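Chain by chain, the residues:
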Amino acid sequence: MDFNYSEEQLLIKQTTHDFAEKHLAPGVMERDEKAEFPTEQIKMMAELGFLGMMVPEKWNGAGMDTISYVIAIEEIARVDASVAVVMSVNNSLVCQVFLNWCTDQQKQKYLPRLAAGELLGAYSLSEPQSGSDASNMRTFAERDGNYYILNGTKNWVTNGISSDLVLVYAMTTKGIGYKGITAFIVEKSRAGFSVGKKEDKLGIRGSDTCEIYFDNCRIPAENLIGEVGQGFKIALSTLDGGRIGIAAQALGIARAALEKSLVYSKEREQFGQPIANFGAIHDKISNMACNVDAARLLIHQAAALKDAKQRFTKEGAMAKYFASKIAMEATTQCVQIFGGYGYMREYGVERLMRDAKITQIYEGTSEIQQLVIARALLKE
Ligand code: CAA
């Protein structure tokens, strides 16, 4: 096993690190405070190829592997987790569906522009009554000649406001459970499509999240992805990859917490010496460091399996479960090390704790990851 990064991977690490320090760090607190979408920053990232990292060059992407992708997400999330999720959704949940499930015609129409960041994508599975129980959806798509007519409500749609198109999962046949779900490409300009208010969130406030509504929204049948009834499989297999991205986002947040804890504990003096001299601090920072490295290994394991075109459902769930858990722990410990200062917005570490929490919830809660892991283990 080779633990060294290739030259290309080292370059992407350096490039994303420098980009994040130069272009994301200066405004991150303000974007969080104002819940402001990073429009300019996403535009710059698009120009650097960060929005279609794993899309082959043939389709206008950067043609990189998944290891490069998780390296990039980690570096971006270390500075701004909101930007990381915008990037993760477009790369993992949108471009990957086009690559794996769409026809050449559909690819030609959308993928080069998605990969170049000229179009931003969103992925819409959840509904008010169906989160973890994702197949229990009510949004219905009824066939009408060469069209489908969509009706229903979706929620928690990341990029819902800023995106140009949304991949929507809807029932096309009632009463047969997940076998009745079909996936569609829906351009937001379609009549009958509307977005709800921007959600006011605890963390990742720079990204936008909203409900979307379909009121007799007519979409051409040619926008159907794969086959009728294949939607749930498309949704879940895509989430396998999405979960690796979210795990890398959690890892970036955890690493930020570790790095800030190291700097602060050497500066802060109590009882006549830096708090870095105290055993209680050693305990916290050593734990964080072990967990950060262990999470990265799990993420790279899942990414390597994906690149080798092997099934990685369990490994992706393990990576997300563990990385999000240690991100929550590390950020809480970081606030503890900063003490009263950590509780104040000014120091920027309470944001890490707020941003970390969502990684245990979206793209499948920790409890769902445990279910996926346990089911796979019991089947083996
Ligand atoms: N890949 C491909 N197919 C899969 C699969 C996978 N990873 N997991 C399951 N399937 C297939 C199964 O093989 C089965 O098909 P067959 O009968 O043909 O074999 C079918 O899907 C149904 O599988 P299950 O019986 O396991 O389904 P279930 O109803 O028990 O649910 C679940 C499984 C794991 C609970 C699933 O519903 C799940 O992952 N829920 C969480 C949903 C989720 O992550 N939502 C996040 C939405 S996105 C988001 O967060 C917002 C955002 O914008 C970032």
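Look a little higher up for the structure.
Position numbers for residues count from 1 along each chain, tracking the sequence in the order it is written. Local features in this predicted model are restricted to residues whose pLDDT is 70 or higher, and side-chain atom pairs enter the listing and the counts only when it is 80 or higher, whereas totals over whole chains, interfaces and linings include all residues. Side-chain numbers come from the whole structure's heavy atoms, not from hydrogens or water.

## With respect to the overall build of the protein chain
Moving on, step 1. A run of DSSP states H or I qualifies as a helix once it reaches four residues; a run of E qualifies as a strand once it reaches two. Both are numbered from the N-terminal end. A tally of helices and strands in the protein chain yields eleven helices and ten strands.
Moving on, step 2. The dimensions of the protein chain, computed from C-alpha atoms along their principal axes, are 80 × 45 × 40 Å.
Moving on, step 3. Scored against the burial criterion, the 380 residues of the protein chain give a buried share of 56%.
Moving on, step 4. Each accessible area value is a Shrake-Rupley result obtained with a 1.4 Å probe; residue values ignore everything except the protein chains displayed when judging cover. Taken as a whole, the protein chain presents about 16800 Å² of accessible surface, with 52% of it coming from carbon and sulfur. Only protein chains enter the accessibility calculation, which uses a 1.4 Å probe; a residue whose area is less than 20% of its type maximum is buried, one above 50% is exposed, and one in between is partly exposed.

## A closer look at the site of the ligand
Moving on, step 1. In the vicinity of the ligand lie 24 residues, with Ser132, Tyr178, Arg243, Glu363 and Arg375 positioned nearest.
Moving on, step 2. In this structure, a nitrogen atom belonging to the ligand sits 3.4 Å away from a side-chain N or O atom of Arg311.
Moving on, step 3. Surface burial for the ligand is 73%, taken as the share of its 1100 Å² of free accessible area covered by protein chains.
Moving on, step 4. For the shell around the ligand, the elements supplying multiple residues, two or more each, are strand 3 (147-158), helix 7 (231-267) and helix 11 (366-379).
Moving on, step 5. For the shell around the ligand, the element with the most residues is helix 7, which contributes seven residues.
Moving on, step 6. Under the convention adopted here, Pro, Cys and the residues Ala, Val, Leu, Ile, Met, Phe, Trp and Tyr are nonpolar, Asp, Glu, Lys and Arg are charged, and Gly plus all remaining residues are polar. For the shell around the ligand, a count of residues per class yields eleven nonpolar, seven polar and six charged. One heavy atom within 4 Å of a molecule or strand makes the whole residue count as near it. Here a polar contact means two N or O atoms within 3.5 Å. Within protein one must be a hydrogen donor candidate and the other an acceptor candidate, and residues neighboring in sequence count only if both atoms are side-chain atoms.

## Things to note about helix 6 (residues 104-115)
Moving on, step 1. If you check which residues of helix 6 are buried, you get Gln106, Lys107, Tyr110, Leu111, Leu114 and Ala115. Viewed along the axis of helix 6, the buried residues span an arc of 125°, placing them on a single side of the element. Turned more than 90 degrees away from the buried face of helix 6, the exposed residues are Gln105 and Gln108.
Moving on, step 2. Its buried side turned inward, helix 6 meets helix 5 (81-101), strand 1 (121-124), strand 4 (165-171), strand 5 (181-187) and strand 8 (224-225).
Moving on, step 3. Among the residues trailing helix 6, Gly117 stands out with phi positive, at a value near 75°. Read the arc as the range of directions from the helix axis to the C-beta atoms. Throughout, a residue-residue contact means that at least one pair of heavy atoms, one from each residue, lies within 4.5 Å.

## What to know about the side chain of Glu363
Moving on, step 1. Along the polypeptide, Glu363 turns up in the loop between helix 10 (349-358) and helix 11.
Moving on, step 2. Counting rule applied: Lys, Arg positive; Asp, Glu negative; His and chain ends not counted. By definition, a salt bridge exists where a carboxyl oxygen of Asp or Glu is found within 4 Å of a side-chain nitrogen of Lys or Arg. For the buried Glu363, no salt bridge is present, and the opposite-charge side chain at shortest range is Arg243, 6.0 Å distant.
Moving on, step 3. Residues in contact with Glu363, not counting those within four places in the same chain, are Val89, Leu93, Leu239, Gly242, Arg243, Ile246, Lys320 and Gln369.

## Focus on the packing of aromatic side chains
Moving on, step 1. Stacked, edge-to-face and tilted labels apply to pairs of Phe, Tyr and Trp rings (six-membered ring for Trp) whose centres lie within 6.5 Å, assigned for plane angles under 30 degrees, over 60, and everything in between, in that order. Inspection of the entire model under this criterion finds ten aromatic pairs.
Moving on, step 2. Taken together, a centroid distance of 5.7 Å and an interplanar angle of 50° make the contact between Phe98 and Tyr110 tilted. Placement of Phe98 in helix 5 and of Tyr110 in helix 6 is noted, with a sequence separation of twelve residues between them.
Moving on, step 3. The exposure class of Phe98 is buried, given its relative accessible area of 0%.
Moving on, step 4. Tyr110 sits in the buried class, given a relative accessible area of 3%.
Moving on, step 5. Measuring from centroid to centroid gives 5.1 Å for Tyr123 and Tyr169, while their planes differ by 55°, and the two rings are tilted. Of the two residues, Tyr123 is situated in strand 1 and Tyr169 in strand 4; the sequence distance between them amounts to 46 residues.
Moving on, step 6. Classification of Tyr123 by relative accessible area gives buried; the value is 8%.
Moving on, step 7. Three or more aromatic residues link up through ring pairs in this structure, and these residues are Tyr264, Phe338, Tyr341 and Tyr347.
Moving on, step 8. A positively charged side chain is recorded as over a ring if its NZ (Lys) or CZ (Arg) lies within 6 Å of the ring centre. The angle to the ring normal must also be within 35 degrees. Directly above the ring of Phe140 sits Lys174, whose terminal nitrogen or CZ lies 4.7 Å from the centroid.
Moving on, step 9. For Arg218, the ring lying beneath its charged end belongs to Tyr147, and the centroid distance is 4.7 Å.

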